[in-house]
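Chain by chain, the residues run as shown.
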Amino acid sequence: PGAEGALRALLEKDRLDRLGPSERARARVLLAGVLARRGETAGAESELSLATQEWNGSQDARLALGRLQLSRGDAAQALATLEAIPATSRGAAASALLARSQLAAGKVPDATSTVDASLGRFPDDADLLLVKGTLEQRAGRPVEARKAWAAAAARAPDGWRAPLALARLAASEGDLQAAEAQLRIAVEKGPAEAEVQAAQGWLAFQRGDVAAADAHYAKALAAAPRCATALAGSARLSLARGDVPAARALAEKAVAADPGSADAQLLLGWTLWRSGEAEPARRALEAALALDPRAALARVRMGALLLEQSRTDDAMKELDQATGLDANLAEAQYWLGRALLEKGETSSAIDRLRRATQLAPGEAAYQVQLGLAFERAQQAGEAAGAYRAAIAAAPRAPEGYENMGRLLARQGDCKQAMVQLQKALEVAPGQESARIELAGCQARLGRSAEAVASYQKVLKNDPRRVEVYLLIARTVNDAQGLRAALPWYEKAAAAEPGNATPHLYLAYGHKERGQRALAVQEFRKYLALRPDADDRKDVEQEIEDLGGRP
């Protein structure tokens, strides 16, 4: 507050005129620093813009303005500000910031040229070496990246950025022990830095300490509300809790803070996909891959999205690349297995899905998908084993019980099937697909009243499950005859206008009642909806027998 008061007093009209251009610019740069510390970004940027006008040759003012613009995600504006500094007079700090802005704007060749030229003039500058390491990592050269960051650490022994970069590199290679060792150095050098706190949060999350991760991310965001790595980490925590809307909001903030973060773009794409927005998700994943073409997980997620859009061949290309980049990434093996199953390559699919379960034995979804693949291969025993493994991995999830129940029902063991299906409903009362399967078992065991009651509960819980009307009609038909089922067939026909089957049963029902005209009408509706029906000739004969014209 004291600094701000003194600076504002200097910049009042009666005193401002007594300052020279460099003094006015210096006062505004200092005031901008005060405002930025308080989070008043717009005010800080305004003061810095005035500073560059007060003294066009002030490199400090342009450097501070470019840094602020880059921090709020405006790489293009930062570039314009920094490029106005003549290359011949551009110092090492300005060159490093310019390269970072070029990188954030997606101009990787320009960033490389800037860094290489500047290192020729300032070979020992730690900031330039840091950017050099980032460029090497982006290019898929981790050994060269490590050399550049190690050199930066040696040139700036009190700095935290180089050990943090080395920690992140070790983490990306799966060496958590080395990552933790480098992170300890970063914490020692910059314990209150937002990026350091965010890295600690990431490491805690990897070790399964969600509370510690949450605390570190909170500290990071308190220090720097626009810290993209902390926002992305918090988004990942929300995803782990199953809160997709919160994860999406955080991912959007992370991308806004740093559009050049491949991790933030990946998280945004994943949360958009989980929200059912496939095209925006695809664009975010494409942005992630443009920033980091060697990001295996981004390729997996892109492949998964394409697979769900029924673009199986395109999905296979992405997933093949992903497994090539990281053969030990369980999620890549899982989605590749699903793609192979979609293409009918069941044996290869089983190999991939089995590999996924070996890499991540605690993932119940992987075990369930392996079970489905075994069923496709008519290996019921192996399928049952996979479903049992799914239940063991996630006893509070319904999918293992439901699929086990469905398998037993197909084998004719409805009593045991019902036990599994009831367990699915115990852990997830809203699992209506399990309730439908349970009702089918009740009907096959001759417990038609219970089956109808179960089907009706499905409709009460989820009125969109209109296919249940036809299932009720068939259950009543089998138990009480066609005449008793007609009201349900009428409801089925009204609920599913495009379904031909109810009309066929209605036609025979009307015929049984002697309602010839109504029977002919329903037979015709059946043929209109199913013109290539196998029983077309029989139905046409029925129409003729009832006095109608086919």
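Not measured: the values here are computed from a predicted model.

### Structural notes on the overall build of the protein
Link 1 in the chain: If you tally the helices and strands in the protein, you get 33 helices and zero strands.
Link 2 in the chain: The globule rule puts the C-alpha radius of gyration for 550 residues at 24 Å, and the 33 Å found for the protein is more than 25% above it.
Link 3 in the chain: In terms of overall dimensions, the protein has C-alpha extents of about 110 × 50 × 40 Å along its principal axes.
Link 4 in the chain: By residue count, 47% of the 550 residues in the protein fall in the buried class.
Link 5 in the chain: Sequence separation of 24 or more characterises 44% of the internal contacts of the protein that already satisfy a separation of 6 or more.
Link 6 in the chain: With an accessible surface of roughly 26,300 Å², the protein has 49% of that area assigned to carbon and sulfur atoms.
Link 7 in the chain: Distance between charge centres in the protein, computed from 72 positive and 71 negative side chains, equals 2 Å.

### Side note on the layout of surface pockets
Link 1 in the chain: Estimates place the volume of the second largest pocket at around 240 Å³.
Link 2 in the chain: Ala364, Ala365, Val368, Glu399 and Asn403 are the residues nearest the centre of the second largest pocket, which is lined by 14 residues in total.
Link 3 in the chain: No other element matches the five residues that helix H23 (residues 364-376) contributes to the lining of the second largest pocket.

### So, the nonpolar core
Link 1 in the chain: In this structure, Ala230, Trp273, Val300, Leu319, Trp335 and Cys441 are the most contacted members of the largest nonpolar core, which totals 90 residues.
Link 2 in the chain: Not counting residues within four places of it along the chain, the set of residues in contact with Cys441 comprises Ala409, Cys414, Ala417, Met418 and Leu421.
Link 3 in the chain: Listed in part, the 20 residues of the second largest apolar core include Ala92, Leu135, Ala145 and Leu169.

### Observations regarding helix H31 (residues 501-513)
Link 1 in the chain: The terminal C-alpha atoms of H31 lie 19 Å apart, and with 13 residues this matches the ideal 18 Å at 1.5 Å per residue to within 8%.
Link 2 in the chain: Restricting attention to buried positions, one finds in H31 the residues Thr501, Pro502, His503, Leu504, Leu506, Ala507, Gly509 and His510.
Link 3 in the chain: Tucked into the core, H31 has its buried residues touching helix H29 (468-480), helix H30 (482-495), helix H32 (516-529) and helix H33 (536-545).
Link 4 in the chain: One or two residues past the end of H31 sits Gly514, with phi positive at roughly 85°.

### So, the side chain of Arg24
Link 1 in the chain: Secondary-structure assignment places Arg24 in helix H3 (residues 21-37).
Link 2 in the chain: Under the relative-accessibility criterion, Arg24 is labelled buried at 17%.
Link 3 in the chain: Looking at Arg24, its side chain comes within polar contact range of the main-chain oxygen of Leu19, at 2.5 Å.
Link 4 in the chain: Excluding anything up to four places from it in sequence, Arg24 contacts Leu11, Leu16, Leu19 and Glu54.

### A closer look at unusual backbone geometry
Link 1 in the chain: Backbone geometry places Ser310, a non-glycine residue, at a positive phi of 65°.
Link 2 in the chain: Structurally, the position occupied by Ser310 is in the loop between helix H19 (296-308) and helix H20 (312-325).
Link 3 in the chain: Judged by its relative accessible area of 61%, Ser310 is exposed.
Link 4 in the chain: The phi torsion at Gln378 lies on the positive side, around 60°, for a residue other than glycine.
Link 5 in the chain: As for its position among the elements, Gln378 is in the loop between H23 and helix H24 (380-393).
Link 6 in the chain: Gln378 gets classed as exposed once you look at its relative accessible area, which sits at 74%.

Criteria and thresholds
Residues numbered from 1 in each chain as written. Predicted model: local features only at pLDDT ≥ 70, side-chain atom pairs only at ≥ 80, totals over all residues. Heavy atoms only, no water. Helix = DSSP H or I, 4+ residues; strand = E, 2+ residues; numbered from the N terminus. Rg over C-alpha atoms; globule rule 2.2 N^0.38 Å. Buried < 20%, exposed > 50% of the residue type's maximum accessible area, 1.4 Å probe, protein only. Contact = heavy atoms within 4.5 Å. Areas by Shrake-Rupley, 256 points an atom, 1.4 Å probe, with all protein chains shown as cover. Lys, Arg positive; Asp, Glu negative; His and termini not counted. Charge placed at Lys NZ, Arg CZ, Asp CG, Glu CD. 1 Å grid on protein atoms, 1.4 Å probe; cavity = no way out; pocket = protein on both sides within 12 Å on 5 of 7 lines; lining within 4 Å. Points joined across faces, edges and corners; volume = space filled by probe spheres on them. Core = buried A, V, L, I, M, F, W, Y, C linked by side-chain atoms within 4.5 Å. Expected span 1.5 Å × (residues − 1). Polar contact = N/O pair within 3.5 Å; in protein donor to acceptor, adjacent residues only side chain to side chain.

Any functional reading would require information that these geometric values do not contain.
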